[in-house]
Amino acid sequence: FTSVLATLVVFLVLGFRANVIAKHCIETNWNEIQFLVSNGSISIDLQGVNVSELSVTEYNVWYQLINETVKEHGITDCNLENEMKKGVEGTGLAFITFTEAMSHFPASPFWSVLFFLMLLNLGLSTMFGNMQGIITPLFDNFKFLQRRKTLFTVVCCILGFVFGLIFAQRTGNYFVTMFDDYSATLPLLIVVVFEAIAVAWIYGTDRFMDDIEDMLGYRPCFLYKYLWKYICILAMIGLLLASLI
């Protein structure tokens, strides 16, 4: 749910930002076109036309009519898709693109606080899952660690914090990009696909549901069996193929 909410917020804000930038682009181009017409550099009939009041779509239609005349003067079509792609990768998404977009919101400090709290909660929820994925198998396989469960968890958190300082250095952005390109996309998808196949088809969904029933005291809905066995695997293979293509 947190990931879905974050995705909705991200694309809503990106769309708002792209629309604001495109409108500013239209106003700048309109002033430039008026200047070029006034000094005789181009010949366009502007009577009854006020491009600054047009929507982005209407401006794009109008731009196609004068494209050949104004293109050589650096006048662009202010395309929304191109604006959406600017500065939306890596750390620039959260700390540059969103900061710029939030400044255009009414009561921008309020929305900025909500957005960065959402980022904080998203990061914490992710780290809880990652940490549990590390320490739980160790507790299950090494019983003596269970006697020092709190201490071992704190040590793991401290080690994670120390390794995380790499990303906070001046060269941290390069490490973020490297990890994002080589460990957080394609390799992660491949690992997850094989994990799903191992649980659903090798270990077996029925045995897996029996284990969950032993731990929770009740058996999960039967739909999960078919989701794990077919839908999830097909969806992840689809994402993997999309990443490769």
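To start, this report covers the structure provided alongside it.

Thresholds applied
Residues numbered from 1 in each chain as written. Predicted model: local features only at pLDDT ≥ 70, side-chain atom pairs only at ≥ 80, totals over all residues. Heavy atoms only, no water. Helix = DSSP H or I, 4+ residues; strand = E, 2+ residues; numbered from the N terminus. Buried < 20%, exposed > 50% of the residue type's maximum accessible area, 1.4 Å probe, protein only. Contact = heavy atoms within 4.5 Å. Salt bridge = Lys/Arg side-chain N within 4 Å of Asp/Glu carboxyl O. Expected span 1.5 Å × (residues − 1). Bend = angle between axes of the 7 residues up to and from the residue. Phe/Tyr/Trp six-rings, centres within 6.5 Å; stacked < 30°, edge-to-face > 60°. Lys NZ or Arg CZ within 6 Å of the ring centre and 35° of its normal. Axes fitted to C-alpha atoms, helices over the stretch in contact; angles between N-to-C directions. Parallel < 35°, antiparallel > 145°, perpendicular 65-115°, else oblique. Nonpolar A, V, L, I, M, F, W, Y, C, P; charged D, E, K, R; others polar.

Each helix and strand counted, the protein chain has nine helices and zero strands in total. Tracing the protein chain from N to C terminus, the helices and strands come up as α-α-α-α-α-α-α-α-α. Per-residue burial over the protein chain gives 23% buried out of 245 residues. At a minimum sequence separation of 6, the contacts of the protein chain that also span at least 24 residues come to 54%.

Scanning the model with the defined rule gives three salt bridges in all. For K225, the salt bridge is made with D206, and the minimal N-O distance between the two is 3.2 Å. Here D206 lies in helix 8 (residues 186-216) and K225 lies in helix 9 (residues 223-244), a separation of 19 residues in the sequence. Overall, the relative accessible area of 39% leaves D206 in the partly exposed class. Salt-bridge contacts for R219 lead to E213; the nearest nitrogen and oxygen are separated by 3.2 Å. Overlapping salt bridges bring together D210, E213 and R219 as one network.

The next thing to look at is helix 9. The end-to-end C-alpha separation of helix 9 is 30 Å, in line with the 32 Å expected for 22 residues at 1.5 Å each. Along helix 9, the sharpest kink reaches roughly 35°, centred on I231. The complete set of buried residues in helix 9 reads I233, M236 and L240. On the buried face of helix 9, the contacting elements are helix 8.

Next up on the list: the packing of aromatic side chains. The full count for this structure, using the stated rule, is seven aromatic pairs. An aromatic cluster is built from F208, Y224 and W228, whose rings are joined through pairwise contacts. Looking at R207, its charged tip hangs above the ring of Y203, at a distance of 4.3 Å from the centre. One residue, K229, lies across the ring of W201, its end atom 4.8 Å from the ring centre.

Every α-helical turn comprises 3.6 residues, leaving residues that sit three or four positions apart pointing alike. Between its terminal C-alpha atoms helix 2 (residues 56-70) stretches only 17 Å, short of the 21 Å expected from 15 residues at 1.5 Å a residue. Looking only at helix 2, the buried set comprises V56, Y59, N60, W62, Y63, I66, N67 and V70.

Direction vectors running N to C along helix 8 and helix 9 enclose 175°, while the axes themselves pass 9 Å from each other. The angle between helix 8 and helix 9 places the two elements in the roughly antiparallel class. Here the contact of helix 8 with helix 9 is composed, by residue class, of 20 nonpolar, two polar and three charged.

Backbone geometry at A107 places phi at a positive 55°, although glycine is not the residue there. Structurally, A107 is set in the loop between helix 4 (91-102) and helix 5 (108-141). Overall, the relative accessible area of 52% leaves A107 in the exposed class.

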